[in-house]
Amino acid sequence: MNNNNEKSRKKTIIIILLLIILAGCIVTLVVLVRSLTEEKRPVENAKGVVGTIVDNWDPNVSRPDERSDQKKGTMIPGYSSATMNEGDTSLKLSVGNPKENTVGFFATVKLADGTVLYTSPLLKPGQGLEEIPLNKSLSKGTYNAIVFYQCVLLDEEHTPLNAAESAFTLIVN
Amino acid sequence: MKSKKIITLALAAAMVCTSAVSVYAAELTNTNQEGQTEVKARIDGSVTGDVTYVIEIPDVVDFGTLTMPENTTEDSFRDVVTHVTAKTITNLDEETQKISVYVRDKDATSEDSDFRITNKVDSSKKFNYDVYDVTENLDTTQSVNSSPMTSSIGFKIAEFIHEGEIQDLTLRLNQHDLCDYNITEIVGDYSGYMVFYSMLENQ
């Protein structure tokens, strides 16, 4: 009788342990599958500061006197560097269209190898953002990156104009 | 004893599963930096991510209305003068750093770096133009694109250290090239687009 009880107890323990292992495997599988699918899904614009386009974007640089003899062109912001932490889903980078311009911008932030990190909607003069949501996170390292500014007329067709690329160093800590 | 062994094995299996999750979470995305091998300079004293300079570029490449030259044996240049300007620069170390500006045709490749304007309706109709970093004595000056592009970012046209510096450019198209065609074949609007690449570099 005791032997039977003992055997029965052992069976119960084994079944419980097997269930625990099975649960662990299922959790592992779910996490792995989620990680794979989340990587392809762009980060949604966060509520609040990240990804928010403001109408009073100002690159905070001085404005020398305008020379009246020179035909006005398009102002293009340039950068030195930007820093983020490994695994961050946003980057503090001031991307925008100076208010002096009379054309629109479509801005794309990408790495030198072509990996796109962020694409903006149309930025009218004076519009920009200080922190961009990233399509993917990056591992530690120093990257050559650019902000590609496609300039367009503010007509319905968004007629393309000349474009610009502002290179900068992206440091991931 | 047997049950202890089973418990030990089960716990080990559970630990293997959870460690697999944490290892995968540490793998992040591609860190390939092909395309450019030089890590650029940084400006000390500026807040990372802030705009540190602003350059002004021309909006369009506009040669206006091109005409078939009457003399079909001589060159007939149409020149357009434009410029790139360093509107603002902050915290640059003038002794060791500069803002370099390059330019290329929007469709330039390593095999084909010509600047050209293209018929908006028939893209097979194209005419090349040259870019000079001077506005005078073009006939005795080499264009910036006289040799093929050595870098995918374009031809260097300017180096800026101080705010307000201006680099004049002349875009030159030879209307003599139109003589190879029947005028009715090439009428229409043409457009060309340039990409201006700027970067902070060490001097």
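Heads up: the structure comes first, above all this text.
Owing to the predicted nature of the structure, the values given are computational and were not obtained by experimental measurement. (Residues numbered from 1 in each chain as written. Chains lettered and ligands numbered in written order. Predicted model: local features only at pLDDT ≥ 70, side-chain atom pairs only at ≥ 80, totals over all residues. Heavy atoms only, no water.)

When helices and strands are tallied, chain A shows 1 helix and 8 strands. Ordered by position from the N terminus, the helices and strands of chain A form the series α-β-β-β-β-β-β-β-β. Counting only residues that meet the buried cut, chain A has 42% of its 173 residues in that class. Counted over contacts in chain A with a minimum sequence separation of 6, partners at least 24 positions apart contribute 68%. Carbon and sulfur atoms form 56% of the exposed surface of chain A, whose accessible area is close to 9,300 Å². (Helix = DSSP H or I, 4+ residues; strand = E, 2+ residues; numbered from the N terminus. Buried < 20%, exposed > 50% of the residue type's maximum accessible area, 1.4 Å probe, protein only. Contact = heavy atoms within 4.5 Å. Areas by Shrake-Rupley, 256 points an atom, 1.4 Å probe, with all protein chains shown as cover.)

Attention shifts here to the overall build of chain B. Counting its regular elements, chain B contains 2 helices and 9 strands. Helices and strands appear in chain B in the N-to-C order α-β-β-β-β-β-β-β-α-β-β. Expressed as a percentage of the 203 residues in chain B, the buried residues total 42%. A sequence separation of at least 24 residues applies to 81% of the contacts in chain B between residues at least 6 apart. For chain B, the computed accessible surface area is about 11,100 Å², with 47% contributed by carbon and sulfur atoms.

Before going further, it helps to examine the pattern of salt bridges. Applying the stated criterion across every chain, the model contains 12 salt bridges over all chains. A salt bridge links B:Arg104 to A:Glu165; the shortest N-O distance between them is 3.0 Å. A residue pair is termed interchain when its members come from two chains, as with B:Arg104 in strand E3 (residues 97-105) and A:Glu165 in strand E8 (residues 160-172). Taking relative accessible area as the criterion, B:Arg104 reaches 13% and is therefore assigned buried. Residue B:Lys156 pairs with B:Glu201 through a salt bridge whose shortest N-O separation is 3.4 Å. Residue B:Lys156 is located in strand E6 (residues 155-160), and its partner B:Glu201 is located in strand E9 (residues 194-202); the two are separated by 45 residues in the primary sequence. Exposure remark for B:Lys156: the relative accessible area of 32% places this residue in the partly exposed category. If you follow the salt bridges from partner to partner, you end up with B:Lys98, B:Lys156, B:Glu159 and B:Glu201 in one network. (Salt bridge = Lys/Arg side-chain N within 4 Å of Asp/Glu carboxyl O.)

This paragraph deals with the nonpolar core. With 67 residues, the main nonpolar core has A:Leu93, A:Val95, A:Leu170 and B:Tyr129 as its most contacted residues. Not counting chain neighbours up to four residues away, the residues in contact with A:Val95 comprise A:Trp57, A:Tyr79, A:Ala107, A:Val109, A:Leu123, A:Gly128, A:Leu129, A:Ile132, A:Val147 and A:Tyr149. Counting residues in each nonpolar core, the second largest holds 9 residues, with A:Ile146, A:Ala163, A:Ala167 and B:Tyr102 among its members. (Core = buried A, V, L, I, M, F, W, Y, C linked by side-chain atoms within 4.5 Å.)

Attention now moves to the packing of aromatic side chains. Residues and elements named next belong to chain B. Under the defined criterion, the tally for this structure stands at 8 aromatic pairs over all chains. Relative to phenylalanine 155, the ring of phenylalanine 115 lies with its centre 5.8 Å away and its plane at 40°, an arrangement referred to as tilted. In this pair, phenylalanine 115 sits in strand E4 (residues 115-119) while phenylalanine 155 sits in strand E6, placing the two residues 40 residues apart along the sequence. You'll find phenylalanine 115 and phenylalanine 155 in the same group, each marked buried. One cation-aromatic arrangement involves arginine 172 over phenylalanine 77; the distance from NZ or CZ to the ring centre is 3.9 Å. Taking the ring centre of tyrosine 132 as reference, the NZ or CZ of arginine 172 above it sits at 5.9 Å. (Phe/Tyr/Trp six-rings, centres within 6.5 Å; stacked < 30°, edge-to-face > 60°. Lys NZ or Arg CZ within 6 Å of the ring centre and 35° of its normal.)

What follows is about the sheet that holds strand E1 (residues 74-79) of chain A. Overall, antiparallel pairing links the 7 strands, which are arranged E1(A)-E1(B)-E2(B)-E7(B)-E5(B)-E4(B)-E8(B) in an open sheet. Edge positions in the sheet fall to E1 of chain A together with strand E8 (190-191) of chain B, since each of these pairs with one other strand and no more. Judged from the 6 bridges that link them, E1(A) and strand E1 (residues 51-57) of chain B form a sheet pairing that is antiparallel. Among the inter-strand pairings, A:Tyr79 is bridged to a residue of E1(B), identified as B:Val51. (Pairing = 2+ DSSP bridges.)

Let us now look at the side chain of A:Asn101. All names here are of chain A. Relative to the helices and strands, asparagine 101 resides in the loop between strand E3 (90-96) and strand E4 (104-111). Residue classification places asparagine 101 among the buried positions, given a relative accessible area of 5%. In terms of polar contacts, asparagine 101 uses its side chain to reach the backbone amide nitrogen of methionine 75, at 2.7 Å. Look past the residues within four positions of asparagine 101 in its chain and what remains in contact with it is Gly73, Thr74, Met75 and Pro125. (Polar contact = N/O pair within 3.5 Å; in protein donor to acceptor, adjacent residues only side chain to side chain.)

By the element assignment, A:Ser120 lies in the loop between strand E5 (116-119) and strand E6 (128-133). Look past the residues within four positions of A:Ser120 in its chain and what remains in contact with it is A:Phe105, A:Phe106 and A:Ala107.

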